[in-house]
Amino acid sequence: MQPFLFDRADSVTEALRAAPDATVVAGGTNLVDYMRLGVVSPKHLVDINGLSQETAALGRITLDHQGLRLGALVRMAEAEDHPGIRARYPVLADSLALAASRQIRTMASLGGNLLQRTRCEYFREASWPCNKRRPGSGCAALDGLNRQHAVLGTSDACIATYPGDMAQALLVLDAQVELTGPRGVRLVPVAKVHRQPGTTPYLETTLAPDELITALVVPASPWSWRSRYVKVRDRRSYAFALASAAVALDLESGRVKQARIALGGVATVPWRAEAAEAALVGKPLDEGAARVAADAAFAGARTRAHNAFKVPLGQEVLVQALLQAGALQPPPPTSRNGVTHA
Amino acid sequence: MGAPVARIDGRLKVTGQARYPADTPLHNLAHAVMVTSTIARGRIRSLDTTAAAAVPGVLLVLTRDRAQGQLTAPKFGTGGSTSIQPLNEERIWHDGQMLAIVVAETQEAAQEAADLVAVTYDHDTPSAGFDTSGVEIVAGAGASPMYPEDPKAGDFDTAFKAAPVVLDATYNTAAQHHNPMELFSTTAEWNNGRLTVYEPSQFVAGWRAQLAKQLDMDAANIRVVSEYIGGAFGSKGPMTPRTAAVALAAKLVQRPVRCVCTRAQGYTTATFRAETRQRIRMGAGRDGKIRAFSHEGWELTSRPDDYVVGGTETTARLYAYGAVHTKVQLVKADRNTPGYMRSPPETPYVFGLECAMDEMAEKLGLDPVEFRRVNDTQADPVSGKRYTSRSLMRCYDEAAAAFGWQRRLDAGVWKTGAMRDGDWLVGLGCATAVYPTQVAPCAARVRLTADGKALVQTAAHEIGTGVRTVAAQTAAQALGLSVEDVTVEMGDSALPAGPVAGGSVSTASVCSAVLKACGGIRDKLYRAATINSGPPATPESFTLRDGMAVLDSGRSAPLSALFQKLGTTQLEDYAEFAPEGSAPGAVEQLRQGNPGIMGGAKGPVLMYAFGAEFVEVRVHARTGEIRVPRMVGAFAAGRIMNPRTARSQLLGGMIWGLGAALHEMTEIDPRRARTVNRDLQDYLVPVNADVEGVEVILVPETDTEVNPAGVKGLGELGNVGTSSAIASAIYHATGRRLRDIPMRLDKLLQLQQT
């Protein structure tokens, strides 16, 4: 760990002023870890935890007929505990509850969670070559121990897995990210936030350096309650996904009208499986249809020496998530109307 | 059985009042950070400390140049973790080798400077392990005094060829790290040529002797203090080269210096459990009797040191095999030297054997419990020596009943995949736990004061097992006091010499010495009570109870009256205990750093503790996720001094076994021989959610032969066999044999696909 300047921003304007050259820290559960490991060495840290004093919306959960708005500084545990989210967006509540540990979720902010960085072991130890950490140095994972690594969205430069859970839930809920910058506020679909590694794995998002995530915005949907997140990992709790699947289904008389599917633990970015979604449309939701969708989801998978199991595993996880979501019952009308929570 | 007394230091620990070595407050303390290598094999070409030395607050960058001539290399195998003092070396022997120690006014400055030490290397291609080229293979027999020869009996080849039912299978166990909660650390302080080291240690007597050699000092001027230890599991048994190096750094800066390793540094600068590969061949008759058994093991070790565990020493004697063949070979690679980790020989080797027992039982169509019964023995098939006591089948019967093994028999013992609960396949399995009963020399001082309080002093180690509590109980019972009236001091080389906290010797050795010292005090009180006291009472009828000395049925006196009679306020006795068959001067040898462990298969009779473990697993039919909802273990380990701490040891052991079975593995990059998972994010151990029902049954057993306390150590018993029981249950659930640990879902999915 190297010396760095630490200060607190008291307003969004102040944070934005510092942002281009500084690194923003909220919960710090990922950044501080990586600073200690020498993976990143920011010269200037700006703590934005105080911003919710000035701009209350940053720390607030709002749920109404238009949908859900999560301030970027809302902690994962707060969103996980919200009864309206549990009732109307179960995939989101599940993805939060299955992430990390409760202690970490109590610290970690939603904005930071979306941008958490890969846990690739070769990225996390600064002395290995890594195109993401040190552009052009090579990728030690390609021919190394790559059991944890991605099979979708990979390139010859990087196969690091996107580690998060919530992003997959946001994808199937058609959520957007609210970005605030010197040019004002803009909304970007979650699906457009992360970049696949390609030849530039060090460019991880489409965010501009002077922009701040201020909220996650989830639209209301009549079928968002029929959603599920299934996560499989090496132990029962407190581990990153080997494979996970978020699904949301619009069913009409047992047939799929629309489906949203996103995969975690198997891809370099939060992975929307559009081919799998298309494969389900018009079909009755049964094991056979789910399996066809699962095959489609992994049609483009590229495996390495130790991660080939992620294809059958990811498929089984998706089948499970689809069948479980299909079996969900609608929540009682009162909670479907939602509540506004301060 | 003793009383289930709660740990006397439990409250201190859970309220944060226990002072661990790195908590020791010292005036003018400087902080040290290690710099470690990023290659596994080669030479240091250059080591530039200019930028590091320029960081404000840096006091010293201790490198090879600076250390030259001041550190004698350790001796491996006598309490030293390796024969290499890295600060004397130009050569890189393994990944993460200590290259320098930076000392600064603050931890932050030391860390910053450590990052700025610039090292360049001449690289060589390293060998990572079993499946990489360039390894050297040497015989295990004779490589260490711990493993003089491969046990053998009869003509294996002939018996194997003739056997109607045969098995030939290979098993693999993974490299594992202990990961005690407490990080490794050394704090060194000099005072007028005398050195005090505060460091979590399982062997303060041995470390003092080691330090004396490495620093060329008189041991009398060295004190090693390790009052509380935050988990050890063997990792704090042998002293690592860092200890002497930090002591030297403190000498050079003329201030106390503390070096706390990072979690990652613990993976490469301390020891670990090395991976093994085992081939087992077994031949049996249709009657279920084993006629031939061969156990071959390959164990990984480092280039400079021949560390050998040789679990065949135990597996060769476990059943009535007929002909026995064993062979252990060491595979030397560019890795740090492995070391003791909770039941070092038994954990890997019994995994292999017990998996093979399950497979053979299936070939014979026998209930795996009955297969063990058919081959149970009260004598060593290799030497013919008898076991002092062996309650293996009683353990099986009690555990089987409590577990409900009948369910599996009712379903058809070898019908796999037959028990199902929705998406979950259910399986039941069992295996044997075994650990040698060992005991070591130990000295103890006990002081009883007229107010009815006692102090027990011995340089043994409370590594979390409860030995401090058990020592207090032993003294309390012998002196007729309550446990609260006994204070126990341990973990300080200035105290009477205590045994290494290894080989599960502590309770037996410490209690034997404490009993002896208490006996000395009792004798003095007896003499006091019988001087001019009318008709003589026999020593046998003399008892100490509730602060009273009871001469016989009619006469008793308060302790205070006897002290008055003796004209003193305190009585003290120092006693030395040495196991039967020890060489003369065993306690003096202990002071020189020789632990003198006896027992197991070494003596004229076999001394072992046994257990039987049963587990239920659930395997997800789609994803291959493996859960263990229930474990039941029954153990017979002689006299149980404290059923509460004993249960805790066995329960913790079974959870360890669960971790070894499903989670734990140190991953070594095969190209660079570097450890890839070096913290608790990537090195998984079970969390609470992974541990469901665990039941421990203590099977009564009396064995007066093993040691005066009648105790069989059980700290390392519970984790032996667990992983084989889980493998057996996974097979029962799925029909798929996993022969390598850890057993992760990808291995099941791979089997499903082929």
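Position numbers for residues count from 1 along each chain, tracking the sequence in the order it is written. Going through the entries in the order they are written, you letter the chains from A and number the ligands from 1. Only residues with pLDDT of 70 or above have their local features reported here, since the model is predicted, and side-chain atom pairs are shown and tallied only from 80 upward, although totals for entire chains, interfaces and linings are computed over all residues. Hydrogens and water are ignored here; the side-chain numbers use all heavy atoms of the structure.

By the naming in an unreviewed UniProt entry, chain B is Xanthine dehydrogenase YagR molybdenum-binding subunit, taken from Nitrospirillum amazonense.

Per an unreviewed UniProt entry, chain A goes by the name Xanthine dehydrogenase YagS FAD-binding subunit and belongs to Nitrospirillum amazonense.

Asker: How should I be thinking about the interface of chain A and chain B in this particular structure?
Answerer: Contact definition: two residues touch when any of their heavy atoms are within 4.5 Å. Contact residues are listed per partner, giving 36 residues for chain A and 35 residues for chain B. The buried area of a pairing is the accessible area, by a 1.4 Å probe, that goes missing from both parts when the two are put together, added over both. Roughly 3,200 Å² is buried in total at the junction of chain A and chain B, and carbon and sulfur atoms are behind 53% of that figure. When the area that chain A buries against chain B is broken down by residue, the three leading residues are W128, R235 and R236 of chain A, summing to 23%. By salt bridge we mean one thing: a side-chain nitrogen of Lys or Arg within 4 Å of a carboxyl oxygen of Asp or Glu. On the surface where chain A and chain B come into contact, there are eight salt bridges. A salt bridge links R678 of chain B to E125 of chain A; its shortest N-O distance comes to 2.2 Å. Between N or O atoms, a polar contact is any pair within 3.5 Å; within protein, one atom must be a potential hydrogen donor and the other a potential acceptor, and residues adjacent in sequence are included only when both atoms are from side chains. Taken together, the connections running from chain A to chain B amount to 15 residue pairs in polar contact (both at pLDDT 80 or more). Numbering of helices and strands runs from the N terminus; a helix is a DSSP stretch of H or I covering at least four residues, while a strand is a stretch of E covering at least two. Broken down by element, the residue count for the side of chain A that touches chain B peaks at seven residues, all from helix α13 (residues 310–326) of chain A. In this classification, Asp, Glu, Lys and Arg are treated as charged, Ala, Val, Leu, Ile, Met, Phe, Trp, Tyr, Cys and Pro as nonpolar, and every other residue, Gly included, as polar. In terms of residue class, the side of chain A that touches chain B is made up of 17 nonpolar, five polar and 14 charged.

Asker: Sorry, what's going on with the sheet that holds strand β22 (residues 543–545) of chain B here?
Answerer: Where strands meet in a sheet, backbone hydrogen bonds hold them as pairs that are either parallel or antiparallel. Residues and elements named next belong to chain B. Note: two strands are recorded as paired if DSSP finds a minimum of 2 bridges between them. The strand order across the open sheet built from three strands is β22-β23-β24, with neighbouring strands paired in antiparallel fashion. On the outer flanks of this sheet lie β22 and β24 (555–558), each paired with one strand and no other. Across the sheet, the axes of successive neighbouring strands diverge by a mean angle of 25°, strand direction being ignored. As paired elements, β22 and strand β23 (residues 548–552) share three bridges and run antiparallel to each other. Residue pairing for β23: L544 is matched across the bridge by A549. In this description, a line fitted to the C-alpha atoms serves as the axis of each element, helices being fitted only across the stretch in contact, and the angle between N-to-C directions of two axes falls anywhere from 0 to 180 degrees. Relative to the sheet, helix α16 (residues 559–566) contacts β22, β23 and β24, its axis offset from that of β24 by approximately 80°.

Asker: Looking at this model, I keep getting lost on empty space enclosed by the protein. Mind explaining?
Answerer: Regions of empty space are outlined by a rolling probe, equal in size to a water molecule, passed over the atoms. All names here are of chain B. Here a cavity means grid points, on a 1 Å grid over the protein atoms only, where a 1.4 Å probe fits yet cannot get out; a pocket means an open set of points with protein on both sides within 12 Å along at least five of seven lines; lining residues are those with an atom within 4 Å of a point. Grid points are joined across faces, edges and corners, and a volume is the space filled by probe spheres set on the points. With the rule as written, the count across this model stands at twelve cavities of 30 Å³ or more. By volume, the largest cavity amounts to about 220 Å³. Residue lining of the largest cavity: 21 residues in total, with T82, H94, P241, T268 and T269 positioned closest to the centre. Grouping the constituent residues of the lining of the largest cavity by class yields eight nonpolar, eleven polar and two charged. The computed volume of the second largest cavity comes to approximately 180 Å³.

Asker: Explain the pattern of salt bridges here, please?
Answerer: When charged atoms on two side chains of opposite charge get close, those side chains can pair. Taken as a whole and assessed by the stated rule, the structure comprises 70 salt bridges over all chains. As a salt-bridge pair, D679 of chain B and R124 of chain A come within 2.8 Å of each other at their nearest N and O atoms. Within this pair, whereas D679 of chain B is found in the loop between β30 (674–675) and β31 (693–698), its partner R124 of chain A is found in helix α9 (residues 121–124), the two belonging to separate chains. Measuring nitrogen to oxygen at the nearest pair gives 2.6 Å for the salt bridge that ties R223 of chain B to D492 of chain B.

Asker: What should I look at first to understand helix α14 (residues 467–479) of chain B in this one?
Answerer: Note on helix geometry: an α-helix contains 3.6 residues per turn, so any two residues three or four positions apart are oriented the same way. Residues and elements named next belong to chain B. How far a helix is expected to stretch is found by multiplying one less than its residue total by 1.5 Å. With 13 residues, α14 extends 18 Å from end C-alpha to end C-alpha; this agrees with the ideal 18 Å at 1.5 Å per step. Along α14, twelve of the 13 residues are buried, which leaves the element largely enclosed by surrounding structure. Only protein chains enter the accessibility calculation, which uses a 1.4 Å probe; a residue whose area is less than 20% of its type maximum is buried, one above 50% is exposed, and one in between is partly exposed. Of all the positions in α14, only V467, R468, T469, V470, A471, A472, Q473, T474, A475, A476, A478 and L479 are classed as buried. Close packing links the buried residues of α14 with β19 (442–449), β20 (454–457), β21 (486–489), α15 (506–530), β22 and α18 (643–662). In the segment just after α14, G480 is the residue with positive phi, at about 70°.

Asker: Explanation requested: the UniProt feature "domain: FAD-binding PCMH-type" (unreviewed entry) in chain A in the structure shown.
Answerer: UniProt positions are given in the numbering used here, feature names are shortened, and annotations may be inferred rather than shown by experiment. The residues that UniProt annotates with the feature "domain: FAD-binding PCMH-type" (unreviewed entry) are residues 1–223 of chain A. For the annotated span residues 1–223 of chain A, helix accounts for 26% and strand for 18% of the residues, and the straight-line distance between the end C-alpha atoms is 48 Å.

Asker: Could you clarify how one ought to interpret the domain arrangement of chain A in this entry?
Answerer: In many analyses, interface size is given as the accessible surface area lost on bringing the parts together. All names here are of chain A. An automatic or database domain assignment supplies the start and end points of every domain. As far as domains go, chain A holds domain 1 (52–219) and domain 2 (227–326). The gap between the C-alpha centroids of domain 1 and domain 2 is 19 Å. Each partner contributes residues to the interface: domain 1 has 45 residues there, and domain 2 has 40 residues. Summed over the shared surface of domain 1 and domain 2, the result is six salt bridges. Linking D143 and R304 is a salt bridge whose minimum nitrogen-to-oxygen distance equals 3.2 Å. Between the two partners, domain 1 and domain 2, sit 22 residue pairs in polar contact (both at pLDDT 80 or more). For the side of domain 1 that touches domain 2, the secondary structure elements donating two or more residues are α6 (90–97) and α10 (166–172).

Asker: Please explain the environment of D250 of chain A as it appears in this structure.
Answerer: All names here are of chain A. Within the secondary structure layout, D250 lies in strand β10 (residues 243–252). Residue class for D250 comes out buried when judged on its relative accessible area of 11%. When neighbours within four sequence positions are excluded, D250 is seen to be in contact with W223, R255, V256, K257 and Q258. Only 3.4 Å separates the side chain of D250 from the side chain of W223, close enough to count as a polar contact.

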